[in-house]
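# Structure at a glance
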Amino acid sequence: EKEEAYKVHSSYGKFLGMTMRDYGPAADYCHAAAQIRSSMGLKDEEYAGLVYSTALYFYFGKQNEKAIDAYGEVMDFYSLHKEDEAARKNMALCHEGIAKAYFALRDFGMSIRHYQEALRYYEQEAASDLKYPQLMTYIARCGRYMQDYDTAISYYERALAIYQELGMVDEYSSVATDLNH
């Protein structure tokens, strides 16, 4: 009975989110599916994936406080598996999601804090990932909105150096334009 309820909630949540773009109910169904899975004693990667989908759907539906809570729930799961590189990457993705939600709420200080947590993963384990300079650009934008121009300039310059080194002209131009405004 629970297995069937789990499958129905999970499938319908994904349908609502991915096909209908009805994000609030999609988040609710995905979260319910995750809770059913947890009640079955299956607090595993699939559970974490459902809660992550919940967070994304809340974010897309502009329910940023709920998105932050759901990302926190995912991070609670992955914090138990920090020895696993995939878990650390998923934690970084959650920090980025939380940062975006705080940015949408115009809490740029909290946004920077979580972008920096995500950035720490990429500095230590994935500096060649293109997400690395993107996160620097996001931090720079937050700094600019806070009128903390020293932070903004520092992160813009770091991102520019990486884009220049990689020969990524479009990204370099975009960040350079951002820096000059």
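This text goes with the structure placed above it.
Residues numbered from 1 in each chain as written. Predicted model: local features only at pLDDT ≥ 70, side-chain atom pairs only at ≥ 80, totals over all residues. Heavy atoms only, no water.

## Re the environment of serine 174
- For serine 174, the position within the fold is in helix 9 (residues 169–179).
- Between the C-alpha atom of serine 174 and that of lysine 100, which follows or precedes it by 74 residues, the distance is 19 Å. (Helix = DSSP H or I, 4+ residues; strand = E, 2+ residues; numbered from the N terminus.)

## Topic: helix 6 (residues 108–125)
- Helix length check: helix 6, at 18 residues, gives a terminal C-alpha distance of 26 Å against a target of 26 Å (1.5 Å per residue), a fit within 8%.
- On its buried side, helix 6 packs onto helix 5 (85–104), helix 7 (131–145) and helix 8 (149–166). (Expected span 1.5 Å × (residues − 1). Contact = heavy atoms within 4.5 Å.)

## Quick look at the nonpolar core
- Judged by nonpolar contacts, the single largest core of 30 residues is most densely connected at Leu50, Val51, Tyr57, Tyr71, Tyr78 and Ile98.
- Counting only elements with at least two residues in this core, the list comes to helix 1 (2–20), helix 2 (23–39), helix 3 (45–60), helix 4 (64–78) and helix 5.
- The leading source of residues in this core is helix 4, at 8 residues.
- Those residues in contact with tyrosine 57 that lie beyond four places of it in its chain are Gly13, Lys14, Gly17, Met18, Tyr23, Ala26, Ala27 and Cys30. (Core = buried A, V, L, I, M, F, W, Y, C linked by side-chain atoms within 4.5 Å. Buried < 20%, exposed > 50% of the residue type's maximum accessible area, 1.4 Å probe, protein only.)

## A few points about the pattern of salt bridges
- For the coordinates displayed, the defined rule picks out 9 salt bridges.
- As a salt-bridge pair, arginine 37 and aspartate 44 come within 2.8 Å of each other at their nearest N and O atoms.
- For arginine 37, a relative accessible area of 9% gives the class buried.
- Note on aspartate 44: relative accessible area 25%, which makes it partly exposed.
- The closest approach of N and O atoms between lysine 131 and glutamate 96, which form a salt bridge, is 3.1 Å. With a gap of 35 residues between them, lysine 131 in helix 7 and glutamate 96 in helix 5 connect regions that are remote in the sequence.
- A relative accessible area of 5% means that glutamate 96 is categorised as buried.
- Shared partners join several salt bridges into a network, and the residues in it are Arg37, Asp44 and Glu46. (Salt bridge = Lys/Arg side-chain N within 4 Å of Asp/Glu carboxyl O.)

From the geometry alone we can't say anything about function, so treat these as descriptive.
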